[in-house]
4 protein chains.
Amino acid sequence: VKLSEQLLQDNADVWRTWLPHPFTQSVADGSLPREVFLRWLAQDFRFVSEGLRFLAVLLGKAPAELVDPLAGTIHAWNSELTLFRAEAQRAGADLAARPLFVTQAYADFLLAVAHREAFAIGWAVLFGVERSYHDAWRWAREHAVSDNPYRAWIDNWGSDGFGAFVEGLASRLDALAPGLDDATRSRLDERFAETARFEVHFWEMAWRGELFAVPK
Amino acid sequence: VKLSEQLLQDNADVWRTWLPHPFTQSVADGSLPREVFLRWLAQDFRFVSEGLRFLAVLLGKAPAELVDPLAGTIHAWNSELTLFRAEAQRAGADLAARPLFVTQAYADFLLAVAHREAFAIGWAVLFGVERSYHDAWRWAREHAVSDNPYRAWIDNWGSDGFGAFVEGLASRLDALAPGLDDATRSRLDERFAETARFEVHFWEMAWRGELFAVPK
Amino acid sequence: VKLSEQLLQDNADVWRTWLPHPFTQSVADGSLPREVFLRWLAQDFRFVSEGLRFLAVLLGKAPAELVDPLAGTIHAWNSELTLFRAEAQRAGADLAARPLFVTQAYADFLLAVAHREAFAIGWAVLFGVERSYHDAWRWAREHAVSDNPYRAWIDNWGSDGFGAFVEGLASRLDALAPGLDDATRSRLDERFAETARFEVHFWEMAWRGELFAVPK
Amino acid sequence: VKLSEQLLQDNADVWRTWLPHPFTQSVADGSLPREVFLRWLAQDFRFVSEGLRFLAVLLGKAPAELVDPLAGTIHAWNSELTLFRAEAQRAGADLAARPLFVTQAYADFLLAVAHREAFAIGWAVLFGVERSYHDAWRWAREHAVSDNPYRAWIDNWGSDGFGAFVEGLASRLDALAPGLDDATRSRLDERFAETARFEVHFWEMAWRGELFAVPK
């Protein structure tokens, strides 16, 4: 079985805890509370802003054949920031809002992985982030009411085009797999599982707000 | 007011939420449940193991005058690992236990800070980590029953010698302060506040186990 | 005087040693030996390939307002690689040729600066690289014979559009200047001077081949 | 054949160009010109100061079993700086002298390798640096006149104890070898060859002064 498929199988129970998440469901049926939308917008903006640095650090040590895909992904994520800014202005969201705990911890996780781990592990995490995100928005696309107010977002990440991009990440991951020694593979499995976990926390945070407040 | 003191003032309410923490109290009175002790031992071992990498990355970009203190701190933390290993063998703790969420997130936070932020921010975070730790163990020392079973740990981090080391970190931080521009200072404040917060989560995790389980 | 101008003044004598360089002169008059052109093509391809990583690492720790310009520069450099590949195929150049000493040392210098130094120093070095390159090709543009066979390259880096891009780098550098403490400024001066020096070695290498052979 | 031995065989011709180097010979017979000694002292001090950062970055991503050896090496290199400072004071050397081109380029090479390449490549380079250095000083030890004025340096790096340390680096490199895929192995070979080359340039620079001046 391919590495990309093995990782999804190993973490299928985590995927099941949130797919579909109430956030995704209310995106699809158009009932997403405005407060939740604004929080998601601000936190995801921050996540993408920080995530760009993750991509950049990966590019800093990428094998030659992955330089172009990573440069392209940086370009794409940077363009998404423009989309966020435009929507924030229209909707009155505050993109300067401080990141909630999950947002910052997820971003720091990505950066730590990119700097510390072998390149293939960073790539596996990137695949996990994008695959998970695509799954969420594809579910929304498949269940979206007509005249859905979140059509632009749904089409951005739920489309077949984005799906093909995610498939490309999987193929390249599978091509890296034979070069992994046991220790690296084991570490890759752990870091991928953490990615799956952060995705759950991220949707929960978007839906409910600060999750991990300091106890008084 | 000195930067090191300002940071402590700004985060005094966070400190108050955990000082003294039930963990610390039960260390002092000797009632710490064995299961809790073993969990702490394994998780703190992992934290120090990963934290060594934080120190190392900081050394990689330290100004010349801080190379020697950082090299010394790496030596000290590495020696602590030997202490952990000896105690783990005596007590039957499993140091290969997987890190709980807080342990890994805290370690990744440190690594992300060291790589991404200006050096002074990493140094401020190091001060936060060590000051907080010293405060916990000093409280334990001041309230320890005679014939305390955790005397070696209490003396290691609660001693005046360790206190002087922490003071040294503060002095050097204060010496870096005049060179900080506004943006860096603001970022430093945020990252220090995150450190204070992770310390709370860390004691809670040591005391109660996994805090941030994925919801089923 | 602005920081960007001060740096150019301080290194004016280095600039004078190579502007115009025989390489640039023979580009302008069309007499560039084919062997020299092929060597330059392969070595500059390698330099840009590696330099992309320098940009990426800088992006990994850039202040928020410089994320977009850096992402744009990564996109531009990556596009240049396509130009190199197309020309290499047409001209029969071997882009897989091993980097000569100067090429690799220059690339490693950039990467070391990006990782180790404060962000502003990396930005100053980027300005040095691009300004120097623009100066070389602008000279060629101003002295180019009509029907020049290197028109595509000359227009790429010698154009007013590229000049405006370089001016943008200078403006942003000048905006970073007030935030620099003395130690960082002094270090920035040293690293900029090294950049100027590498540029000389680079043109010499392109023109003459391996410069720093190991003595037998 | 073991990886460590293969690397030495592949670069035996480079080793032969400098072993023994006039520097080493004049250390052994005590005729080293004072000016040369002072230059070496200042440049090697700088190299070790910067090299500490290379070790630190490697520690930042080392596999668990190599954390302790790297922490020990950092401790040792940092202690050597004390030796340099003491000798510089005695001999009147200026340790604040600016690094010559080779010194800085060698240090940047190390840092770039540590940050960019897979961990095993950084370890191979460390082996190359230390093995080469030991070979030079062991030659000096074997040919030293009695009452040699450089006895402290000769014993520091030419001793059997240092030789055993270098052997330890080789053993650990050989243990990493089976985990290397073809691309990483090929890259490791290139970086090791660059290390061998820098060693030649370093002795030449110590002996003759600035090698790669910018042409007027």
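Refer to the structure presented above.
Here is a short report on the structure shown in this document. (Residues numbered from 1 in each chain as written. Chains lettered and ligands numbered in written order. Predicted model: local features only at pLDDT ≥ 70, side-chain atom pairs only at ≥ 80, totals over all residues. Heavy atoms only, no water.)

## Side note on the interface of chain D and chain C
Now for step 1: At the interface, 28 residues of chain D touch 28 residues of chain C.
Now for step 2: Roughly 2,600 Å² of surface becomes buried between chain D and chain C when both sides are summed, with 61% attributable to carbon and sulfur atoms.
Now for step 3: Considering only the side of chain D, the residues that lose the most area to chain C are F101(D), R116(D) and R197(D), jointly responsible for 22% of the buried surface there.
Now for step 4: Between chain D and chain C we count 6 salt bridges in total.
Now for step 5: Taken together, the connections running from chain D to chain C amount to 11 residue pairs in polar contact (both at pLDDT 80 or more).
Now for step 6: Elements with a minimum of two residues in the side of chain D that touches chain C: helix 4 (34-60), helix 6 (101-116) and helix 10 (182-208) of chain D.
Now for step 7: The biggest single contributor to the side of chain D that touches chain C is helix 10 of chain D, with 9 residues.
Now for step 8: Looking at the side of chain D that touches chain C residue by residue, the class counts come to 10 nonpolar, 4 polar and 14 charged. (Contact = heavy atoms within 4.5 Å. Buried area = accessible area lost by both parts, 1.4 Å probe. Salt bridge = Lys/Arg side-chain N within 4 Å of Asp/Glu carboxyl O. Polar contact = N/O pair within 3.5 Å; in protein donor to acceptor, adjacent residues only side chain to side chain. Helix = DSSP H or I, 4+ residues; strand = E, 2+ residues; numbered from the N terminus. Nonpolar A, V, L, I, M, F, W, Y, C, P; charged D, E, K, R; others polar.)

## A look at the packing of aromatic side chains
All names here are of chain A.
Now for step 1: Taken as a whole, this structure holds 130 aromatic pairs over all chains when the rule is applied.
Now for step 2: Between F84 and W153 the ring centres are 5.0 Å apart and the planes differ by 45°, which places this aromatic pair in the tilted class. Residue F84 is found in helix 5 (residues 67-91), and its partner W153 is found in helix 8 (residues 151-158); the two are separated by 69 residues along the sequence.
Now for step 3: Given the relative accessible area of 0%, F84 is considered buried. (Phe/Tyr/Trp six-rings, centres within 6.5 Å; stacked < 30°, edge-to-face > 60°. Buried < 20%, exposed > 50% of the residue type's maximum accessible area, 1.4 Å probe, protein only.)

## Some details on the relation of the copies chain B and chain A
Now for step 1: Superposition of chain B onto chain A requires a rotation of 180° combined with a translation of 0.0 Å along the rotation axis, giving an RMSD of 0.0 Å. One copy is carried onto the other by what is essentially a two-fold rotation axis. Identified as the residue of chain B closest to the rotation axis by C-alpha distance is A112(B), at 2.5 Å.
Now for step 2: Of all interface residues in chain B, 100% are interface residues in chain A too; the two copies therefore contact each other through one and the same surface. (Least-squares fit on C-alpha atoms with pLDDT ≥ 70 in both.)

## Concerning the interface of chain B and chain A
Now for step 1: In this complex, chain B contributes 28 residues to the contact, which on the side of chain A involves 28 residues.
Now for step 2: Summed over both partners, the interface of chain B with chain A buries about 2,600 Å², with 61% contributed by carbon and sulfur atoms.
Now for step 3: Together, F101(B), R116(B) and R197(B) form the three largest contributors to the area buried by chain B at its contact with chain A, with a combined 22%.
Now for step 4: Inspection of the region where chain B meets chain A yields 6 salt bridges.
Now for step 5: Here R197(A) and E210(B) are joined by a salt bridge, their closest N and O atoms 3.5 Å apart.
Now for step 6: Where the side of chain B that touches chain A is concerned, the elements lending two or more residues are helix 4 (34-60), helix 6 (101-116) and helix 10 (182-208) of chain B.
Now for step 7: With 9 residues, the top contributor of residues to the side of chain B that touches chain A is helix 10 of chain B.
Now for step 8: Across the side of chain B that touches chain A, the residue classes tally to 10 nonpolar, 4 polar and 14 charged.

Don't take any of this as a statement about function, it's just geometry.
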